[in-house]
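# Residue-level structure breakdown
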Amino acid sequence: MKSLFVGNMSFQTSEGELRELFAPFGQVTRVHMAMDRETGRARGFAFVEMPNDAEAAAAMTALDGKEVGGRNLKVNEARPKGEGGGPRGPKSFGGPKNFGGSGGGGGRGKGGGGRDRFSNEDYRESARQPREPRW
């Protein structure tokens, strides 16, 4: 079973059209189009699963760069969830990981955050940065 990532798709491309595009290369077991949660419209990429690795490789080489709906598709092997860039959300800015004192769990659980996240003790020895003027 090989999962293929299909990117740079037109937002008007449907699952059926994508299935028809990959069908000449072999059996397509699943087509998953990423949809925006708020607007409900396509996000411009999808995942296509094909059971035969050789057929998937043939589809990948033939369809990568092919123009569909006025856009050149980007087709490659999908990476597992942990390997890719991951979701783009709030970033961690480094600093000490143990917010709750000496060696304990911190009392907040995974991914806490809040007003008590950093203390002045963390920055006691560092030089103060000049403030940018607000005009």
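Residues numbered from 1 in each chain as written. Predicted model: local features only at pLDDT ≥ 70, side-chain atom pairs only at ≥ 80, totals over all residues. Heavy atoms only, no water.

### Quick notes on the overall build of the chain
- Of the regular secondary structure elements, the chain holds two helices and six strands.
- In the chain, the succession of helices and strands from N to C terminus is β-α-β-β-α-β-β-β.
- Pairs at least 24 apart in sequence give 60% of the contacts found in the chain among residues at least 6 apart.
- Split by element, the accessible area of the chain, about 10,600 Å² in all, is 48% carbon and sulfur. (Helix = DSSP H or I, 4+ residues; strand = E, 2+ residues; numbered from the N terminus. Contact = heavy atoms within 4.5 Å. Areas by Shrake-Rupley, 256 points an atom, 1.4 Å probe, with all protein chains shown as cover.)

### Considering the pattern of salt bridges
- Enumeration according to the criterion identifies three salt bridges in this entry.
- Linking Glu49 and Arg30 is a salt bridge whose minimum nitrogen-to-oxygen distance equals 3.4 Å. Of the two residues, Glu49 is situated in strand S3 (residues 42–50) and Arg30 in strand S2 (residues 30–35); the sequence distance between them amounts to 19 residues.
- Assessed through its relative accessible area of 21%, Glu49 is described here as partly exposed.
- With a closest N to O distance of 3.8 Å, Asp64 and Lys74 form a salt bridge. (Salt bridge = Lys/Arg side-chain N within 4 Å of Asp/Glu carboxyl O. Buried < 20%, exposed > 50% of the residue type's maximum accessible area, 1.4 Å probe, protein only.)

### A word on the sheet that holds strand S6 (residues 74–77)
- Strand order in the open sheet formed by four strands is S2-S3-S1-S6, with antiparallel pairing between adjacent strands. In this open sheet, the two edge strands, each paired with only one partner strand, are S2 and S6. Pairs of neighbouring strands in the sheet enclose a mean axial angle of 20°, with direction left out of account.
- In terms of strand pairing, S2 meets S3 through five bridges, oriented antiparallel. Within the sheet, the bridge partner assigned to Met33 lies in S3 and is Ala46.
- Contacts between helix H1 (residues 15–22) and the sheet are confined to strand S1 (2–7), S2, S3 and S6, with S2 contributing the most and set at about 140° to the helix. (Pairing = 2+ DSSP bridges. Axes fitted to C-alpha atoms, helices over the stretch in contact; angles between N-to-C directions.)

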